[in-house]
Structures are given as C-alpha cells and as structure tokens.
Amino acid sequence: MLHLIAGRMGSLVARRATVALTTSSARMASHGYGSEVSEMTDMSRPMYWDRLDTPLPDKAYKDELTAADKSLKQKEKGPWSQLTNEEKIALYRLMFNQTYPEMKQPRSEWKTVIGGIFIFMGFTGLVVWWQRVYVYPPRPRTFDDEWQAKQLQRILDMRMNPIEGFSSKWDYEKGQWK
C-alpha cells in the first residue's frame, strides 16, 4: 500500500515539475523575452498519465472530442451489446492512450544503456592507453628478464636466507633446484 502511495506521490511531483519547467518559457515570453507565447497549463486540474501502478488516471486521454467521438459517447450510454468491437476499442482509446500489454511491452532502452557503457569503457581505455604512452615513465630496468635472472643468481651466490628463502630450495652440489 505504501508503495502505491509513494508511486503516486512520485508521479505527481514528476508531472508537476515537468509542467512547471515547460511553462517557464511561457512566463518569459509573456514578459517580453520571447516572440511567441506558449500555452500555460493549469496545475489545479488533473493530468493524464499512463502508468502501470495507476490503473485509472484522473482524467480521460482525449479532452476535445470530435463529432464522431461525441456520437460514440452518446451510443455508450445505451446498451453495450449493440456496440461493435471497433466501437468499444474506440471508446477505450478515448479514455486511455495505452493498454496494459502495450505499457508492459519491452522498450529498447537497454540498447542505449549498453551503448553508453561501451562508449564509456572505450573512452576509459583510450585515456589509460594515452597515460601509459605519454604520462608514465618507461619501465625500470629491474623488471627485465635479464635483470631478474642476474638478481636470482646473486641471491644464490650470496646464499641469502639459507633456511627458508630461495637458497634453501637450491641444491648447490648439483647446481639445480631441489
């Protein structure tokens, strides 16, 4: 129950913020900052919103009805058995923009998200490569294989740490590792 209340409050705040941000241009235009005046939205009236957690929006999808829509609304007041399926669907579309299956239909947002991730990773890879080439100094000579071999030979020649270290694993009589 709390989830529904939070969802409705979130949608209300989002709708009001969206409308408030879009009507700021109308206020600026009416004060001489623009050449045309936009339509202002009355925030005291309910707005239409397709949401899965709000099955019945506060108002109908279509506010202004055509002559055909008005005649269909008059037929709606009569017995529904006389209405055809197309008329029932048209009446539904007057009230709602999307059906639940249409709202639940998967969107293509995942493609945008994955594309953004790949772009970010590619840019990061370019930055790391650039830093490796132009920022970091060259590798020290102590990382070379030749240097490492000489260092190991020096440790063995000096018999460093003969109890637990490298020297303990070297057989000095045979000249090979134990």
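Definitions and cut-offs
- Residues numbered from 1 in each chain as written.
- Predicted model: local features only at pLDDT ≥ 70, side-chain atom pairs only at ≥ 80, totals over all residues.
- Heavy atoms only, no water.
- pLDDT = per-residue confidence, 0-100.
- Helix = DSSP H or I, 4+ residues; strand = E, 2+ residues; numbered from the N terminus.
- Expected span 1.5 Å × (residues − 1).
- Buried < 20%, exposed > 50% of the residue type's maximum accessible area, 1.4 Å probe, protein only.
- Polar contact = N/O pair within 3.5 Å; in protein donor to acceptor, adjacent residues only side chain to side chain.
- Patch = residues over 30% accessible without salt bridge, like charges linked within 9 Å, V, L, I, M, F, W, Y side chains within 5 Å.
- Areas by Shrake-Rupley, 256 points an atom, 1.4 Å probe, with all protein chains shown as cover.
- Salt bridge = Lys/Arg side-chain N within 4 Å of Asp/Glu carboxyl O.
- Axes fitted to C-alpha atoms, helices over the stretch in contact; angles between N-to-C directions.
- Parallel < 35°, antiparallel > 145°, perpendicular 65-115°, else oblique.
- Contact = heavy atoms within 4.5 Å.
- Nonpolar A, V, L, I, M, F, W, Y, C, P; charged D, E, K, R; others polar.

(A) Layout of the confidence of the model for the protein chain. For the protein chain, the average pLDDT comes to 83, and 79% of its residues sit at 70 or higher. The secondary structure element of the protein chain with the lowest average pLDDT is helix 1 (residues 2-30), at 56, and the one with the highest is helix 5 (residues 109-135), at 96.

(B) Region of the structure containing unusual backbone geometry. Unusually for a residue other than glycine, R159 sits at a positive phi of about 55°. With respect to the helices and strands, the residue R159 is situated in the loop between helix 6 (145-157) and strand 1 (170-171).

(C) Quick look at helix 6. Taking 1.5 Å of rise per residue, the 13 residues of helix 6 would be expected to cover 18 Å, and the 18 Å separating its terminal C-alpha atoms lies within 8% of that figure. With its phi angle positive at about 55°, R159 sits one or two positions after the end of helix 6.

(D) View of the environment of R51. Structurally, the position occupied by R51 is in the loop between helix 1 and helix 2 (67-76). By relative accessible area, which is 23% here, R51 ends up partly exposed. Separated by 49 residues in sequence, R51 and Y100 place their C-alpha atoms 8.8 Å apart. A polar contact of 2.8 Å, which involves the side chain of R51, links it to the side chain of D53.

(E) Molecular detail of a nonpolar patch on the surface. A cluster of nonpolar side chains, namely W110, V113, I114, I117, F118, F120 and M121, defines an oily patch on the protein surface of about 790 Å² accessible area. A relative accessible area of 41% means that I117 is categorised as partly exposed.

(F) Structural context of the packing of helix 2 against helix 3 (residues 85-95). Two elements in contact, helix 2 and helix 3, have axes whose closest approach is 10 Å; the angle formed by their N-to-C orientations is 110°. For the element pair helix 2 / helix 3, the angle class is roughly perpendicular. Residues D69, L72, K73, K75 and E76 of helix 2 form the contact with helix 3, whose participating residues are E87, A90, L91 and L94. Here the residues of the contact of helix 2 with helix 3 are counted per class, giving 4 nonpolar, no polar and 5 charged.

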